[in-house]
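Observations on chain architecture
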Amino acid sequence: SPGRTQRATAESFQVGGKGINVSKMLTRLGAPNTALCFAGGAPGAECAAWLEARPEKFSGVRVFPTTTPTRTGTVVRDATHAETTFLGPDAPPDAAAIRACADFLDAQPAGQVLAICGSLPGWAHSDYDPLRAAFNRWLTRGVLAADTYGAPLEWFLTRGTALVKINADEFRSTLGAAPDFDATRKSPVARWVVTDGPREVWLRDTDGTTARLTPPPMQEVSPTGSGDVLFAALLHAWINRQSSLAAAVKFALPYATANAAHPGIADFLEPAMISE
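Reference entry: report on the structure contained in this document. These figures come from a predicted structure and were not determined experimentally.

Another point: the overall build of the protein. A tally of helices and strands in the protein yields nine helices and 10 strands. For 276 residues, the compact-globule formula gives about 19 Å, and the C-alpha radius of gyration of the protein, at 19 Å, lands near that figure. If one aligns the C-alpha atoms of the protein with their principal axes, the spans along those axes are about 55 × 45 × 35 Å. For the protein, the residues scored as buried account for 43% of the 276 residues in total. Considering only contacts within the protein whose residues lie at least 6 apart along the sequence, 63% involve residues at least 24 apart. When the accessible surface of the protein is totalled, it reaches about 14,100 Å², and 53% of it is carbon and sulfur. The protein carries 25 positive and 27 negative side-chain charges, and their two centres are separated by 2 Å.

Listed as buried for helix H6 (residues 168–175) are Ala-168, Glu-170 and Phe-171. Down the axis of H6, the buried set is contained in an arc of 160°. They therefore lie on one face. Opposite the packed face of H6, turned more than 90 degrees from it, sit the exposed residues Asp-169 and Ser-173. At its buried positions, H6 is contacted by helix H5 (150–156), strand E7 (163–167), helix H7 (181–184), strand E8 (192–196) and strand E9 (199–204). With a side-chain oxygen positioned 3.0 Å from the backbone nitrogen of Asp-169, the residue opening H6 is Asn-167.

Here the focus is the packing of helix H1 (residues 18–28) against helix H8 (residues 226–240). The contact between H1 and H8 brings their axes to 8 Å, and the two run at 50°. Regarding the angle of H1 to H8, the classification is oblique. Our pair here, H1 against H8, has a crossing hand that is right-handed. Contact with H1, carried on its side by Lys-18, Asn-21, Val-22, Met-25 and Leu-26, involves Asp-228, Val-229, Phe-231, Ala-232 and His-236 of H8 and no other residues of that element. Looking at the contact of H1 with H8 residue by residue, the class counts come to six nonpolar, two polar and two charged.

Once that is clear, we can look at unusual backbone geometry. The backbone of Leu-120 sits at a positive phi, close to 50°, despite the residue not being glycine. As for its position among the elements, Leu-120 is in the loop between strand E5 (113–117) and helix H4 (129–139). Not every positive phi belongs to a glycine, and Ala-266 is a case in point at roughly 60°. Here Ala-266 shows up in the segment after helix H9 (245–260).

Let us look at the packing of aromatic side chains. Tallying each qualifying case throughout the model produces 15 aromatic pairs. Centroid distance Phe-13 to Trp-50: 6.4 Å. Interplanar angle 80°. Geometry classified as edge-to-face. Of this pair, Phe-13 sits in the segment before H1 while Trp-50 is found in helix H2 (residues 41–52), placing the two residues 37 residues apart along the sequence. A residue is classified by how much of its surface remains accessible, and Phe-13, at 41% relative accessible area, is partly exposed.

We now examine the pattern of salt bridges. Taken as a whole and judged by the stated rule, the model has 13 salt bridges. Asp-90 serves as the salt-bridge partner of Arg-71, at 3.0 Å between the closest nitrogen and oxygen. On the criterion of sequence distance, the pair formed by Arg-71 in the loop between strand E2 (61–65) and strand E3 (73–76) and Asp-90 in the loop between strand E4 (84–87) and helix H3 (95–106) is long-range, its members being 19 residues apart. Arg-71 gets classed as partly exposed once you look at its relative accessible area, which sits at 37%. On the basis of relative accessible area, Asp-90 is assigned to the partly exposed category, the value being 48%.

About the thresholds
Residues numbered from 1 in each chain as written. Predicted model: local features only at pLDDT ≥ 70, side-chain atom pairs only at ≥ 80, totals over all residues. Heavy atoms only, no water. Helix = DSSP H or I, 4+ residues; strand = E, 2+ residues; numbered from the N terminus. Rg over C-alpha atoms; globule rule 2.2 N^0.38 Å. Buried < 20%, exposed > 50% of the residue type's maximum accessible area, 1.4 Å probe, protein only. Contact = heavy atoms within 4.5 Å. Areas by Shrake-Rupley, 256 points an atom, 1.4 Å probe, with all protein chains shown as cover. Lys, Arg positive; Asp, Glu negative; His and termini not counted. Charge placed at Lys NZ, Arg CZ, Asp CG, Glu CD. Arc of directions from axis to C-beta. Polar contact = N/O pair within 3.5 Å; in protein donor to acceptor, adjacent residues only side chain to side chain. Axes fitted to C-alpha atoms, helices over the stretch in contact; angles between N-to-C directions. Parallel < 35°, antiparallel > 145°, perpendicular 65-115°, else oblique. Left-handed = near helix turned anticlockwise from the far one by under 90°. Nonpolar A, V, L, I, M, F, W, Y, C, P; charged D, E, K, R; others polar. Phe/Tyr/Trp six-rings, centres within 6.5 Å; stacked < 30°, edge-to-face > 60°. Salt bridge = Lys/Arg side-chain N within 4 Å of Asp/Glu carboxyl O.

What follows is the structure, encoded as structure tokens:
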């Protein structure tokens, strides 16, 4: 009820953000991974402790301390309204944390997969120069995938990014068109996956072939993190199972749908049937 005091009947705490969500789902699928994140202030310390206390849900976490307090948010659910999320303002990491992340990436052996997930607040600032340089170097020695938006997305669209996964609204606002092959022709991105909530997913593979796949029907409880679950599952199928892009998306869709039909992120019951 707007304008009135709201009293919760229950509460829970979890660490989220797109990269954390993707890492959690990859771990559930048995895919080794390391989540990279920035954490600062009292909220950051609470998040780092929460992650450290759950090794069964995260196969690896690397936290880069920053002086900027980690952003907090509140997700409100009740029986009569759609889920509502309140997020604090963006919290750009400081220059030292960004440099530490860039150094970590440069120290990794060649041939690995790096997935960029989230908004990367403060991207336009020169503090990000070391990380942008590290991403450019990664393109020559590993696989780079991205699920981001805004200024970072525009940057990755000008690189030879192996895979970009975004939603239809981000596609339209960035490329000025509905998802189709012609709109992506001028970008060096090799593969595209474009989601649109419960509606069909559009994809384009590296050879130019396109497809549209429809998610399984479900009764939505919480869409939060469903795109991240889909990204994790398709990365696992594409990289670890060596599936085609279409087969990887088909594999991932039941997981994303199951996530949307349950509260929480990657905490749903196993889908009854997973398609190859």
